[in-house]
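Structure assessment
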Amino acid sequence: MPDGGVVITGSAGGVGYAYAGEFLQRGYDVVICDVKDCSSAAAALERKFVNDPTAGKVFHTQCDVSDQASVKSLGEFAKSNLNTIGYWINNAGINGGRRDLRDVSMNMVETVIKVNLLGILFCTKVAMDILGEQKGVTGHIFNTVGSGVKGGGTPGYACYGATKRGLPQLTATLVKELDEGVQGFDKKTTKGKIQVHSLSPGMVFTRLLLDDSTPELRKFPFGVLAAQPEEVAADLIPKILAANKNGSSVEFLTTDRILKAFFERFILQKKSEYIDDDGNVIRMPGEQYDDLGVRSLF
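Residues numbered from 1 in each chain as written. Predicted model: local features only at pLDDT ≥ 70, side-chain atom pairs only at ≥ 80, totals over all residues. Heavy atoms only, no water.

Some remarks on the pairing of strand β4 (residues 85-90)
- By the criterion of burial, β4 is predominantly enclosed, with six of the six residues buried.
- Looking at chain direction, strand β1 (residues 5-8) and β4 are connected through four bridges and run parallel. Residue Val7 lies in a different strand from β4, and its bridge partner there is Trp88.
- A crossover connection joins β4 to the parallel strand β5 (residues 138-144) through helix α4 (residues 106-131); in handedness this β-α-β unit is right-handed. (Buried < 20%, exposed > 50% of the residue type's maximum accessible area, 1.4 Å probe, protein only. Helix = DSSP H or I, 4+ residues; strand = E, 2+ residues; numbered from the N terminus. Pairing = 2+ DSSP bridges. Right-handed = clockwise from strand over helix to strand, strands pointing away.)

The following block contains the structure:
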């Protein structure tokens, strides 16, 4: 592994878990973490690659990204198990449910902001401190963006949208600080090179997407644009590994992909693989689903 191991927050399930599988398959050692216990996810990943001698090793720990002490502990855990970190993916996030802001409790407002924005800042700070000490190594941090990132309204997700809107500004600021420094101060030099990027998985069939959704939303846009975690991970991991310019933007829902999906659905009248005509999740035989229709990955 010439470019080091991988840290993925929010990876006990969903697209974070799928990212881990793609990295492991390519021989990267991976630290998965989540606010909940990751032992079952780690065990499932180990079983998946038990007969693959070229696969990487998985390590797991719990981490509340909104708590600075917990994030510092994650950094120490990652250093001790991976030795060198090549990729730190800030994937953890919550939306707080789809509600008018007037119906959202103050506690939930605080929680969403702390996880999605303060959590990114804590993790990025810890990651930068570690990556900067890795002599001769280029370390990459990927901050996950989502709905609201381009500034459009996100009715029902005021808090979530506001946090995601702030991330491009954060990433752009860090790129400037790393490349040019801060005016009036000496430019910082580090043993290792640090790059910060944006990561956009688009719409993924997880609880984050389907919670509080309506049949209308599930038919469009979910039924047209949303994808399964494995599909998203298989597309994004090669793009992540290919990113070599500070401030790169890696995305699943590219313009070409969106146009193709619209053409297939509205011109060719191709039906969704995942949502039926009534807006219900299509449950495939042999698969397990939770109460929202989210398919279990393990």
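Next, the rest of the story.
Focus on the nonpolar core
- If you look at the biggest cluster of nonpolar residues, it comprises 39 residues, and the most contacted ones within it are Tyr19, Phe23, Ile32, Ile89 and Ile240.
- Looking at this core, the elements with two or more residues in it are β1, α1 (14-25), β2 (30-34), α2 (39-48), β4, α7 (215-225) and α8 (229-242).
- If you tally residues by element for this core, the top one is α1, at seven residues. (Core = buried A, V, L, I, M, F, W, Y, C linked by side-chain atoms within 4.5 Å.)

So, the pattern of salt bridges
- Throughout the structure, instances matching the rule amount to 14 salt bridges.
- Linking Arg102 and Asp100 is a salt bridge whose minimum nitrogen-to-oxygen distance equals 2.6 Å.
- Among the salt bridges present, the one from Lys125 reaches Asp129, with a minimum N-O distance of 2.9 Å. Of this pair, Lys125 and Asp129 both sit in helix α4, four residues apart, which is roughly one turn of that helix.
- Connected through shared salt-bridge partners, Arg207, Asp290 and Asp291 make up one network. (Salt bridge = Lys/Arg side-chain N within 4 Å of Asp/Glu carboxyl O.)

Some points on the sheet that holds β1
- Across the sheet, which stays open at both edges, the seven strands sit in the order β3-β2-β1-β4-β5-β6-β7 with parallel pairing between neighbours. Of all strands in the sheet, those with a lone pairing partner are β3 (58-62) and β7 (249-251), marking the two edges. Along the sheet, successive strands turn relative to each other by an average axial angle of 20°, direction set aside.
- Where β5 lies against strand β6 (residues 193-200), seven bridges are found, and the strand directions are parallel. Along β6, the bridge assignment pairs Gly139 with Ile194.
- Contacting β1, β2, β3 and β4, helix α3 (residues 68-82) crosses the sheet at an angle of about 160° to β3. (Axes fitted to C-alpha atoms, helices over the stretch in contact; angles between N-to-C directions. Contact = heavy atoms within 4.5 Å.)

Thoughts on the pairing of β3
- Sheet topology note: the β2/β3 ladder contains five bridges and is parallel. Along β3, the bridge assignment pairs Ile32 with His60.
- Read as a crossover between parallel neighbours, the route from β2 over α2 to β3 is right-handed.

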